[in-house]
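For reference, the chains in residue letters:
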Amino acid sequence: MLFPTATFAIFFLIVLPLSWLAMPKVHRWRPLIVVASYVFYSWWDWRFIFLLAGCTIWNQLLAVRIHRATVPSQRQALLWVALAGNLSVLGYFKYYDFFVSSSDSLLSLVGVGVPLELQSIVLPVGISFYTFMAISYVVDTYRGDFVPTTFEKFAVYLSFFPHLVAGPIVRPGELIPQLDTPRSPRRVDTSRAFYLIATGLFKKVVIANYLAANIVDDVFGAPGQHSSFEILIAVYAYAVQIYADFSGYTDIAIGIALLLGFSFPQNFDSPYAARSIQDFWRRWHMTLSRWLRDYVYIPLGGSRKGTLLTYRNLLLTMLIGGLWHGAGWTFVVWGAIHGSGLAAERWWRGRPGHVAPPDTRARRALERFVTFQVVCFAWIFFRADSFGIAWDTITGLVTGWGEPSPLVTSGVLLAIVVGIGSQYLPARLPGLLMERFARLPVLGQAAVLAFALMLTNAMGPEGVAPFIYFQF
Amino acid sequence: MASEPHPSAPSATRARRPRTGDDGRRLGTAGHALAVAVLALVIGSLLSAPGLHKSAYNQQPGWQRDVALAVTGPLAGLSSALLLDRPRALVKAAIGRSGDDEIDTAVVIPPAGKPAVTKPAGQPVTKPGPKPGAKPPATPAKVAFTPQKKLRLWVAGDSLVITPGYSIVRAAVASPVIQSVGGVDGRVATGLERPDVFNWFRRIAEQVKELRPDVVVLHFGGNDDHSYMTGLPKGVTVDGFGTASWRKEYGRRVGGVMDTIARGGGHTIWLGLPITRSPAQTQRFDLINAVVLQEAKKRPATATYVDTYTSFAGDNGGYAEYLEDRRGRRVKVRAGDGVHFERAGGEMIARMVLKRLNEMFDLTSWRKKAASS
């Protein structure tokens, strides 16, 4: 069930009033929302609701046992069991074939085969997201940062449909306390919710889909037949497409949660206005980057064990981040570029005699420009189906200047300018728009929203393309 | 921690608190949210009624389509009567897509009858034509292409064509005598049964005229294994998928597409449907392949059928997701859905197409000429 579809609109119009009707008795609301979330999830493949249920039972059982255990070694052993369970499920569904085929390729070089059969494994949608949320829950319990909640609340936490299939990756301390008491039906942030839903739909349906259909898919399908200018614009277009696609999804998810009375953490903060790679990761998929920081980078030692180990930890964290996105070596390279970038920035700032230059407007512009180019270069590996395509794209960037570029149209350039330009809008503008919207009467708000829906529907291509992050 | 209310969690008690958020913005109520959502969807539906009606029409037959049509039909009428469809029409006109909301079911193909036998026109041949009175050669001379006069190749079809299409285009880029024109025109969820969803007959006729391809690689049928067809000629009915009437009408459309391309001077290479994970679907695809093969056989000079079925079968003759590549490595050739192709599968199809192109056309003699001169 995709957000921008009539099916979801009907589903939500049923769930929204039922949720608020049940809300005063929160013990009735929780089973209702779990059922609704499982219905939502079963729309892709009903069999995977058992996987989600199994993940819920497994992590709740172990979190409770970890909490009750008093002997440190026992607590640690239980944690490892919990992690092994989660990572095994993720590993089997997402990485099994990747592991077997990669091992086979490697070992065939020395004439040895892998005695494992490749299997046709269907990847359950959202598994990377809810597995990471489950790991948060058991690790936070182990660290003593969180007391395990009831099974019912944990089931809501893990399966709550607005975040279920593509995040944001909500931490237990952010959502579970909101499940303790009924949300107030008199304090719903409707203007922010509708603003996020409307802009999220526009970003996904109009900007992302338009760029995918009009330049990105063609160029990355066969980069060798395109001019350097087309390839360059396609790389920028992909940067905008993936931002519009993913941030559009999370905007809608946050908006839907707000209408139900819940708040989710922010996931994007104008990432293409970042002045460094480190700054980029504070603005891009923020819930994933802080997850990687708290559950990978810091446990590895963070920056506490010396300069070289800090670089190693940054690189390892980003390699894992890359592999989280997809079972492919191109994703690993994407992670390596970001990891190396983070390490290089750290070295640059920490080198002896380094004095931070004055923070001028020109300097800020230069930093933003350079960061954006590095991020776009990394996106080539993220988007390319193979190293061959990535290499063709990179070489095509320099070998085909002066050739015709029919795919670079005014519409494509406008969509890129809108996508990047939106990140430089004054921070107070959305607040002003929401404030104006909040002052309108019900009919006025409905009319504004209806017009936005019409505009999105009319300008978007026919059909609904799936969200990019669904495959992760 | 878990047992304590979240600091920001509002109380459900009746105690009145100012209904403003932290930033001073006015907050709403749950009833307000529901009222705005319902009204926005009602008004939005009226504003978008022509598009919704078309989407409803394009659905597969069934109760959902019947319900959707029953709702969107009157909605479109009301929207038109209240002039609420005008803003959408203006937006569509402004972005150059005025015809988007029209339901186009016209199957525009050359009239049935003698299949077109037009050969690619205006191309140089390797040998001069036979002298008057001379014995005709056993095999006709192949049309030759050179780096100066490249073979123009266009790829089109449903979603199944996308991955192999790009492999074919990449192969074309690597060849000095093949030029990809129009890229890969792959349209998800389309086919020849439902011109209302996307009118391929019109599209192919337009593109053949504009791009002047020497070869058109087509891949259709993945969405055509249903009974319902739109654009039937007057008085024609189709009894059900696979029946004689269905085969006749589908064959007319396939043949019509081949003739459209032939009349534009092009040769059709029609990629057959592959074996799929579902035996029932494979059976339906077999039937479609048989119809296409029959039409291609009627037009040996202008259409070629390329079988993908056997190439993608495993050792036991059944569906295989992994096959050995040219280097003997097991590679994933089929997508997780059991129907579409992975890149390695696309490369296999591209090699098949290139092989056929080399059989049909002279793509190499220019090298000898260049070497001798």
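The shown structure was predicted, so the numbers you read here are calculated from the model rather than taken from an experiment.

Novice: Looking at this structure, how should I read the overall build of chain A?
Specialist: Scanning chain A from terminus to terminus reveals 19 helices and zero strands. Here chain A has a C-alpha radius of gyration of 23 Å; the compact-globule value for 472 residues is 23 Å, and the two agree. Each of the three principal axes of chain A carries a C-alpha extent, and together these read 70 × 65 × 50 Å. Long-range contacts, defined here as pairs at least 24 residues apart, represent 74% of the contacts in chain A between residues at least 6 apart.

Novice: Looking at this structure, how should I read the domain arrangement of chain B?
Specialist: Residues and elements named next belong to chain B. Once the domains are mapped, chain B shows domain 1 (30-101) and domain 2 (143-372). Each of domain 1 and domain 2 has a C-alpha centre, and the two are 35 Å apart. Taken together, the four residues of domain 1 in the interface contact five residues of domain 2. Class assignment for the residues of the side of domain 1 that touches domain 2 results in two nonpolar, two polar and no charged.

Novice: Explain the domain arrangement of chain A to me, please; I cannot follow it from the model alone.
Specialist: Reports often express the size of an interface as the amount of accessible area lost when the parts come together. All names here are of chain A. You can read the domains of chain A as domain 1 (6-179) and domain 2 (190-459). Relative placement of domain 1 and domain 2: their C-alpha centres are 26 Å apart. Residue-level contacts link 21 residues of domain 1 with 19 residues of domain 2. Ranked by the residues each element gives to the side of domain 1 that touches domain 2, the list is headed by helix α5 (residues 127-143), at five residues. Residues that form the side of domain 1 that touches domain 2 fall into these classes: 13 nonpolar, six polar and two charged.

Novice: Would you take a moment to explain the pairing of strand β2 (residues 151-158) of chain B for this structure?
Specialist: Every regular strand shows the same layout, with side chains that alternate between the two sheet faces. Residues and elements named next belong to chain B. Among the eight residues of β2, eight are classified as buried, and the element is accordingly described as predominantly covered. Examined bridge by bridge, β2 and strand β3 (residues 178-187) share seven bridges and lie parallel to one another. Looking at β3, one finds that alanine 156 is bridged to aspartate 185. Note that the unit made of β2, helix α5 (residues 162-174) and β3 has a crossover that is right-handed. Examined bridge by bridge, β2 and strand β4 (residues 215-219) share five bridges and lie parallel to one another. Bridge pairing links alanine 156 to leucine 218 in β4.

Novice: Help me out: how do you make sense of helix α8 (residues 279-298) of chain B in this one?
Specialist: Think of an α-helix as 3.6 residues a turn; residues three or four steps apart then line up on the same face. Compared with the 28 Å implied by 1.5 Å per residue over 20 residues, the 29 Å span of α8(B) between its first and last C-alpha is a close match. Restricting attention to buried positions, one finds in α8(B) the residues B:Thr282, B:Phe285, B:Ile288, B:Asn289, B:Val291, B:Val292, B:Glu295 and B:Ala296.

Novice: What's the story with the interface of chain A and chain B in this structure? I'm lost.
Specialist: On the chain B side, the residues contacting the 62 residues of chain A number 53 residues. Elements represented by at least two residues in the side of chain A that touches chain B include exactly α1 (6-22), α4 (72-108), α9 (190-221), α18 (429-439) and α19 (442-459) of chain A. Among the elements that take part in the side of chain A that touches chain B, α19(A) stands out by supplying 14 residues, more than any other.

Novice: Even after reading the chapter, I still don't get the nonpolar core, so can you show me in this structure?
Specialist: In summary, soluble globular proteins display a tendency toward joint burial of nonpolar side chains. All names here are of chain A. Core analysis: the biggest nonpolar cluster contains 149 residues, and Val138, Leu211, Ala234, Ala237 and Val240 have the highest contact counts within it. When residues of this core are assigned to their parent elements, the largest contribution, 22 residues, is made by helix α10 (residues 228-259). Ignoring anything within four residues of it in the chain, the contact list for alanine 237 reads Leu211, Ile215, Val216, Val412 and Ile416.

Novice: Help me out: how do you make sense of the pairing of β4(B) in this one?
Specialist: All names here are of chain B. Within β4, five of the five residues are buried, which leaves the element mostly enclosed by the surrounding structure. Of the pairings in the sheet, the one linking β4 to strand β5 (residues 267-271) comprises four bridges and is parallel in character. Within the sheet, the bridge partner assigned to valine 217 lies in β5 and is isoleucine 269. The handedness of the β4 to β5 crossover, carried by helix α7 (residues 244-263), is right-handed.

Novice: Explain unusual backbone geometry to me, please; I cannot follow it from the model alone.
Specialist: Of all residues except glycine, most have a negative phi; of all peptide bonds, most are trans. In this structure, A:His285 is a non-glycine residue whose phi angle is positive, near 40 degrees. Tracing the backbone shows A:His285 in the loop between α11 (277-283) and α12 (286-300).

Novice: Even after reading the chapter, I still don't get the packing of α12(A) against helix α13 (residues 307-325) of chain A, so can you show me in this structure?
Specialist: For any two helices packed against each other, one specifies the crossing angle of their axes together with the interaxial distance. Residues and elements named next belong to chain A. Across the interface, α12 lies against α13 with an axial gap of 9 Å and an inter-helix angle of 140 degrees. Like other packed secondary-structure pairs, α12 and α13 cross with a definite hand, here right-handed. Contacts from Leu292, Val296, Tyr297 and Leu300 in α12 reach Asn313, Leu316, Thr317, Ile320 and Gly321 in α13. Counted by class, the contact of α12 with α13 contains six nonpolar, three polar and no charged residues.

Novice: In this structure, what is going on with helix α2 (residues 49-58) of chain B? I would like to understand it.
Specialist: All buried positions along α2(B) are accounted for by B:Ala49, B:Pro50, B:Gly51, B:Leu52, B:His53 and B:Ala56. Where α2(B) is buried, its residues meet α19 of chain A together with α1 (30-47), α3 (63-81) and α4 (86-94) of chain B.

Novice: Would you mind going over the confidence of the model for chain A with me for this structure?
Specialist: Close reading of the predicted structure is inappropriate where its pLDDT is low. Per-residue pLDDT for chain A averages 89, and the proportion of residues at 70 or more is 95%. Mean pLDDT per element in chain A: α4(A) is the minimum at 85, and α11(A) is the maximum at 95.

Novice: Sorry, what's going on with the sheet that holds β3(B) here?
Specialist: Strands belonging to one sheet form pairs held by backbone hydrogen bonds; the direction of such a pair is parallel or antiparallel. All names here are of chain B. With parallel pairing, five strands are arranged side by side in an open sheet as β3-β2-β4-β5-β6. Strands at the two margins of the open sheet, each flanked by one partner only, are β3 and β6 (303-306). Across this sheet, the average inter-strand angle for adjacent strands is 15 degrees, counted without regard to direction. Most of the contacts of helix α9 (residues 343-360) go to β6, to which it runs at about 145 degrees, and overall it touches β4, β5 and β6.

Novice: How do you make sense of the environment of B:Val353 when you look at a structure like this?
Specialist: Residues and elements named next belong to chain B. Relative to the assigned elements, valine 353 resides in helix α9. Spatially, the C-alpha atom of valine 353 lies 8.6 Å from that of leucine 271, the residues being 82 residues apart in sequence. Beyond its immediate stretch of four places on either side in the chain, valine 353 contacts Ile168, Val217, Ile269 and Val306.

Novice: Help me understand the confidence of the model for chain B in this model?
Specialist: Residues and elements named next belong to chain B. Per-residue confidence for chain B gives a mean pLDDT of 85, with 87% of residues at or over 70. Taken as a whole, residues 1-15 scores under 50 in pLDDT and shows 26 contacts with residues more than four places along the chain or in a different chain. Throughout residues 120-130 the model reports pLDDT below 50, and contacts reaching past four residues in sequence, or to other chains, amount to 20 contacts.

Novice: What is the right way to look at the packing of α1(A) against α1(B) in this model?
Specialist: At a minimum axis separation of 10 Å, α1(A) and α1(B) run at an interaxial angle of 160 degrees. Looking at the two axes, α1(A) sits roughly antiparallel to α1(B). With respect to the hand of their crossing, α1(A) and α1(B) are arranged in left-handed fashion. Taking contact as the criterion, the partners of A:Ala9, A:Leu13, A:Leu16, A:Pro17 and A:Trp20 in α1(A) are, on α1(B), B:Ala30, B:Leu34, B:Ala37, B:Val38 and B:Leu41. By residue class, the composition of the contact of α1(A) with α1(B) is ten nonpolar, no polar and no charged.

Rules used in this analysis
- Residues numbered from 1 in each chain as written.
- Chains lettered and ligands numbered in written order.
- Predicted model: local features only at pLDDT ≥ 70, side-chain atom pairs only at ≥ 80, totals over all residues.
- Helix = DSSP H or I, 4+ residues; strand = E, 2+ residues; numbered from the N terminus.
- Rg over C-alpha atoms; globule rule 2.2 N^0.38 Å.
- Contact = placed C-beta atoms within 7 Å.
- Domains from an automatic or database assignment.
- Nonpolar A, V, L, I, M, F, W, Y, C, P; charged D, E, K, R; others polar.
- Buried ≥ 20, exposed ≤ 12 C-beta atoms within 10 Å, placed from the backbone.
- Pairing = 2+ DSSP bridges.
- Right-handed = clockwise from strand over helix to strand, strands pointing away.
- Expected span 1.5 Å × (residues − 1).
- Core = buried A, V, L, I, M, F, W, Y, C linked by C-beta atoms within 7 Å.
- Axes fitted to C-alpha atoms, helices over the stretch in contact; angles between N-to-C directions.
- Left-handed = near helix turned anticlockwise from the far one by under 90°.
- pLDDT = per-residue confidence, 0-100.
- Parallel < 35°, antiparallel > 145°, perpendicular 65-115°, else oblique.

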